[in-house]
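Structural characterization, general
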Amino acid sequence: MQGSILALASIISRIVGLIYRVPLTATIGKTGNDYYGTAYEIYNIILLISSYSIPLAVSKLVSARMAKGHVKDANKVLHGALLFAFITGGAASLVVFFGAEFFTGTLLKTPLSAIALKVLAPTLLVVAILGVFRGFFQGLGTMIPSAISQIGEQIVNAIVSVVAAHILFSYGKKVGGVLGNVKGYSAAYGAAGGTLGTSTGAAFALIFVLFIYFAFRKVFVKMMKKDKHKHFEGYNQILSALVLTIVPVLLSTTVYNISSIIDQGIFKNIALLQGHKASEISEFWGVFTGQYKVLINVPLAIASAMAASTVPSLTAAFNSGDKELVKKQINMANRFVMVIAFPCCVGLMVLASPVMQLLFNDDEKSSALMLMIGGCSIIFYSLSTLSNGILQGIDKMTIPVKNACVALVAHVALLFVLMELFDLHIYAVIIANAFYALLMCFLNQSAVLKFSGARIDIKKVFLAPLEASALMGVMVYLVYHMLYGLFAINCSKGFANFIGCIVAIICGVIVYFVAMFLFKGIDEETLMKFPGGTKLCDIAYSLHLLR
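All values reported here derive from a predicted model rather than from experimental measurement.

1. Observations regarding the packing of aromatic side chains
On inspection of all chains with the given rule, the structure shows 18 aromatic pairs. Here the aromatic rings of Phe216 and Phe220 are separated by 5.7 Å at their centres, their planes lie at 40 degrees, and the arrangement is tilted. Remark: Phe220 and Phe216 occur in helix α8 (residues 182-225); sequence separation between them is four residues, near one turn of the helix. Both rings, one in Phe513 and one in Phe517, keep their centres 5.2 Å apart while their planes meet at 75 degrees; by these two values the pair is edge-to-face. With a gap of four residues between them, Phe513 and Phe517 both fall in helix α19 (residues 493-518), about one helical turn apart. Through a chain of ring-to-ring contacts, the aromatic side chains of Phe133, Phe136, Phe137, Tyr213, Phe214, Phe216 and Phe220 assemble into a single cluster. Against the face of Phe97 rests Lys118, its NZ or CZ located 5.4 Å from the ring centre.

2. Thoughts on helix α10 (residues 259-273)
Counted at 1.5 Å a residue, the expected span for α10 with its 15 residues is 21 Å, and the 21 Å between its end C-alpha atoms agrees. For α10, the buried fraction is high: 11 of the 15 residues fall into the buried class. Within α10 the residues assigned to the buried category are Ser259, Ser260, Ile261, Asp263, Gln264, Gly265, Ile266, Phe267, Lys268, Ile270 and Ala271. Looking one or two residues past α10, Gly275 carries a phi angle of roughly 95 degrees, positive in sign.

3. Re a positive patch on the surface
Together, Lys218, Lys222, Lys225 and Lys226 make up a region of like positive charge exposed at the surface. Mapped onto the elements, Lys226 comes out in the loop between α8 and α9 (235-257).

4. Re the pattern of salt bridges
Tallied over the full model, the rule gives seven salt bridges. Among the ionic pairs, Asp362 bridges to Lys30, the shortest N-O distance being 3.8 Å. Taken as a pair, Asp362 in the loop between α13 (352-360) and α14 (365-374) and Lys30 in helix α1 (residues 2-52) lie far apart in primary sequence, 332 residues in all. On the accessibility criterion, Lys30 (24% relative accessible area) is partly exposed. Note that Lys459 and Glu467 form a salt bridge whose closest N and O atoms lie 3.5 Å from each other. Here Lys459 falls in the partly exposed class, since its relative accessible area comes to 35%. A relative accessible area of 30% means that Glu467 is categorised as partly exposed.

5. Quick notes on the side chain of Thr38
Structurally, Thr38 is set in helix α1. In terms of polar contacts, Thr38 uses its side chain to reach the backbone carbonyl oxygen of Asp34, at 2.8 Å. Engagement of the side chain of Thr38 in a polar contact is seen with the side chain of Gln264, the distance being 2.6 Å. Those residues in contact with Thr38 that sit more than four places away from it in its chain are Leu108, Thr110, Ser113, Gln264 and Lys268.

6. What about a nonpolar patch on the surface?
Nonpolar side chains collect at one region of the surface, where Leu358, Phe495, Phe498, Ile502, Val503, Ile506 and Ile510 lie side by side and expose about 560 Å² of accessible area between them. At six residues, α19 tops the list of elements feeding residues into the nonpolar patch. Mapped onto the secondary structure, Phe495 falls in helix α19. With relative accessibility at 38%, the residue Phe495 sits in the partly exposed group.

Definitions and limits used
Residues numbered from 1 in each chain as written. Predicted model: local features only at pLDDT ≥ 70, side-chain atom pairs only at ≥ 80, totals over all residues. Heavy atoms only, no water. Phe/Tyr/Trp six-rings, centres within 6.5 Å; stacked < 30°, edge-to-face > 60°. Helix = DSSP H or I, 4+ residues; strand = E, 2+ residues; numbered from the N terminus. Lys NZ or Arg CZ within 6 Å of the ring centre and 35° of its normal. Expected span 1.5 Å × (residues − 1). Buried < 20%, exposed > 50% of the residue type's maximum accessible area, 1.4 Å probe, protein only. Patch = residues over 30% accessible without salt bridge, like charges linked within 9 Å, V, L, I, M, F, W, Y side chains within 5 Å. Areas by Shrake-Rupley, 256 points an atom, 1.4 Å probe, with all protein chains shown as cover. Salt bridge = Lys/Arg side-chain N within 4 Å of Asp/Glu carboxyl O. Lys, Arg positive; Asp, Glu negative; His and termini not counted. Charge placed at Lys NZ, Arg CZ, Asp CG, Glu CD. Polar contact = N/O pair within 3.5 Å; in protein donor to acceptor, adjacent residues only side chain to side chain. Contact = heavy atoms within 4.5 Å.

Here you go:
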């Protein structure tokens, strides 16, 4: 249930993120998306190195101590983590602010994105502190503060991003007029408006979580007074445990996510050497980072949420020696993620061009082809992200690091080959990414099965969602093209595409829901894990899908 809450919040946040990227893209264009994406990739990597692993580590340590009734030690984990966050987050903010020109210009050949990156710099400190409190509440067994703050953060982000991008885009035109580069500076300042939304949203989330913490503080103090165990941990022990927990998680998440910034450096440098124009490269990367990845990341939010929520409960079950509970949780988490990943993959591949036109007014064949080629990576990334969290939950934190290193080397080698020998341009990046996720998925899942003793139900976890998604895909394709052909005769193509997409998606949801029961891929227990599970079960019983 906690995983469902966090997953629902992540989905809502990603949908809000998808919605606001539509007007943002319309304002700053593909070039602006390139600047925004470049700044965000650098910010993301520094965030991973400085504080991304803090929530997971804090939740793991707090959960382990609360399971033993050591409330005072859990409080020390909070204080020690805050000190750690201030140091790492503050240092990261300074490095990004003063090194912006080096990162964007020297390394990634996109110098104008330094403006957006400098706006993002202070956010690193804010997110580090925010992560401590989110991890603290997750360790206590509640995802609600994290979920609500996540949604609020994204809503504030969306509003500020769109408004600030519009204002700063106009200002950038004036600056560009003086400096002789209107298109470049307007896009750069517009992208900075987009990153200003990220900073403001994070600040709002921190204020909200602090409010919740101080409201909860009295209850927590009473819990500490009831803690009568005698051998309390010192802050040296706490900080050591924190560092020893953070470092493996940090290494795995950094290696796991650094591929995106390596991709950008390789792609832009090789494409320039191959004679492609800088403006063309910028536009292709803008589509990749501002459209393709935004769409792909919506379903991946579920896997990330399940991984985050699985770690505390798995840690508690693992530490208590309940092997059967560990196996059950692993199987359920895999089923939950695959039930969502498969239809999202098939749906985006079948409706690639219509969705690109609907959301981004982009009818370029190259944009749709990116989604058609890379849609399969949704399944691979979902599984590898989840298995990463599972391995951390069962105290096998070094394994994802090794697997990520192996996959990264293979990924980089494949990207070079695809670009140099086959000249696949941006499609080389997409294929190499899918391969990386596939390899990570295989290596991580093998380790999970080996060390947990779990056995995955192939029929329910993989085959049933695949069969139901295939049936759904055929229906979606037929409905869309039938309605598009019908409405395009008397209406505009845009309206026909809108009607075709919306109706096809609704039909797809219904067909998939029914097909999952027909193929025995879902039962009442699984359905109850979803948000609104009771209502979904009532619908299934009324349709005689459940007996």
